[in-house]
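Understanding the architecture of this molecule
Below are the chains, spelled out letter by letter.
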Amino acid sequence: MNEAHRLRLDPIATPDRLLLGPGPSNADPRVLQAIARPPLSHLDPLYLELMNEVQEMLRYAWQTDNRFTIPVSGTGSAAMEATIANTVEPGETVVVGVIGYFGKRLVDMCGRYGAKVVEVSAPWGEALSLDTLTQAVEQHKPAVLALVHAETSTGVQQPLDGIGDLCRAHDCLLLLDTVTSLGGVPLKLDEAKVDLAYSCSQKGLSCPPGLGPFTMGPRAEDKLDRRSGKVPNWYLDMSGLKSYWGSQRTYHHTAPVNMNYGLREALRLLCEEGLENSWARHRRNSEQLWAGLESMGLELHVPLSHRLPTLTTVKIPNGVDGKAFATHLLNKHGVEIGNGLGDLAGRVWRVGLMGTNSKPENVERLLNLLDLELPAFRQGSAAA
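All of these numbers come straight from a predicted model, not from anything done at the bench.

Rules behind the numbers
Residues numbered from 1 in each chain as written. Predicted model: local features only at pLDDT ≥ 70, side-chain atom pairs only at ≥ 80, totals over all residues. Heavy atoms only, no water. Helix = DSSP H or I, 4+ residues; strand = E, 2+ residues; numbered from the N terminus. Rg over C-alpha atoms; globule rule 2.2 N^0.38 Å. Buried < 20%, exposed > 50% of the residue type's maximum accessible area, 1.4 Å probe, protein only. Areas by Shrake-Rupley, 256 points an atom, 1.4 Å probe, with all protein chains shown as cover. Lys, Arg positive; Asp, Glu negative; His and termini not counted. Charge placed at Lys NZ, Arg CZ, Asp CG, Glu CD. Pairing = 2+ DSSP bridges. Expected span 1.5 Å × (residues − 1). Phe/Tyr/Trp six-rings, centres within 6.5 Å; stacked < 30°, edge-to-face > 60°. Lys NZ or Arg CZ within 6 Å of the ring centre and 35° of its normal. Right-handed = clockwise from strand over helix to strand, strands pointing away.

Attention shifts here to the overall build of the chain. Each helix and strand in the chain was counted, giving 13 helices and 14 strands. A compact globule built from 384 residues should have a C-alpha radius of gyration of about 21 Å, and the chain, at 21 Å, falls within 12% of that. With 384 residues in all, the chain has 58% of them scored as buried. Carbon together with sulfur atoms contributes 50% to the accessible area of the chain, which is approximately 16,700 Å² in total. Averaged over its 37 positive side-chain charges, the chain has a centre that lies 3 Å from the centre of its 43 negative ones.

What follows is the structure in structure tokens.
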């Protein structure tokens, strides 16, 4: 017997952290209690009823009547790939709006599925105008227009006014990334005429990472049904998943039962609070954060008109080692804030107020820590 890799460990023990970065956020304690319930079979009648409840509450969270609305068994990136795998065929043109790191990820994924990808970009910290998108759609006549509603790398909210009508007028599907907006940012999919959307479980829904909410409207379902060949991804092929998440409820894969317990509880709490109340809470607490940061002389990266109420990018002051300061907050105070990604690496901190973490006491705690700890780093101290 090879004993080289046999470890003898104590039971897992993790520290309490306040996760005020770009995600994951802290899970609601009631969600964690739900996850700890004994598992059922993924075909147990009681679990099948729970699946119905999750689907219905996801429709509420997204404000959609889409029949095919499910939590993909995988993280948000799995749901992201599912939208592309099911609707993009080799040789088709896809226009991708790039306003940050996750727009670039959409470009990469679309290319891997054989699309002719047209990037339409804005500087990191700005949104795309309707005129710019109209010009791209009219010129390139894409099968899909893919946009990020809430760009996690920059803190920008992409306006949607008129884009759904543009896509309908040009027989183009509108695909939307709502990873950092679902539950926390005003969004009504059907009203905006969005055909496909995806999100995650670990941000505005106050659930641990592991599930990827996904929704597909009638126009997207029709395109899937008219494909010339099979979806080149068995696990994420909605043609097969329809047999499990549709009325038949026949076996497709072993679903992460306990994670769906957690999502069911998270969505129940959102329904209990009310979607509009959740949107207002996120906005109110972020406005408190923005005012506090600016009163300290810190500059915010995104203009107010396009600023997300779930994720704020704060410019790192000159002379401050942003990564060292974030590490200091985590190690000394157990508070996480995020560093910049891509073009904004080393230039901003990313502060998330999402889900159960969006509360005034968390804003006050972070502002107090910045007031207490940042002066030493401004002076070039390597405090740790």
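Text resumes after the structure shown.
Note on sheets: strands pair through backbone hydrogen bonds, and any given pair is parallel or antiparallel. One open sheet holds the three strands; their spatial order is E11-E14-E13, and the pairing between them is antiparallel. Only two strands of the sheet have a single partner each, and these edge strands are strand E11 (311–315) and strand E13 (338–339).

If you check helix H4 (residues 101–112), its first and last C-alpha atoms are 17 Å apart, about what twelve residues at 1.5 Å a residue would give, namely 16 Å. Residues of H4 that are buried: Phe 102, Gly 103, Leu 106, Val 107, Met 109 and Cys 110. Positive backbone phi, approximately 85°, marks Gly 114, located one or two places after H4.

The tally for this structure, following the rule as stated, stands at five aromatic pairs. Geometrically, the ring pair formed by Tyr 101 and Phe 102 is edge-to-face, given 5.1 Å between the ring centres and 75° between the ring planes. Consider the rings of Tyr 244 and Trp 245, whose centres lie 5.7 Å apart with planes at 70°: the pair is edge-to-face. Neither Tyr 244 nor Trp 245 differs from the other in exposure class; each is buried. Every member of this aromatic cluster is reached through a ring pair, and the members are Phe 325, Trp 349 and Phe 377. Positioned over the ring face of Trp 290 is Arg 307, at 4.8 Å from the centre of the ring.

Time to look at the pairing of strand E3 (residues 93–98). The buried fraction of E3 amounts to six of the six residues, a majority that puts the element mostly inside the structure. In E3, alternate side chains face the same way, and those of Thr 93, Val 95 and Gly 97 on one face and Val 94, Val 96 and Val 98 on the other are all buried. At this point the chain moves from E3, through H4, to the parallel strand E4 (residues 116–121), and the crossover so formed is right-handed. Direction of pairing for E3 relative to strand E5 (residues 144–148): parallel, over a ladder of three bridges. In the strand pairing of E5, Val 94 is matched with Val 144.

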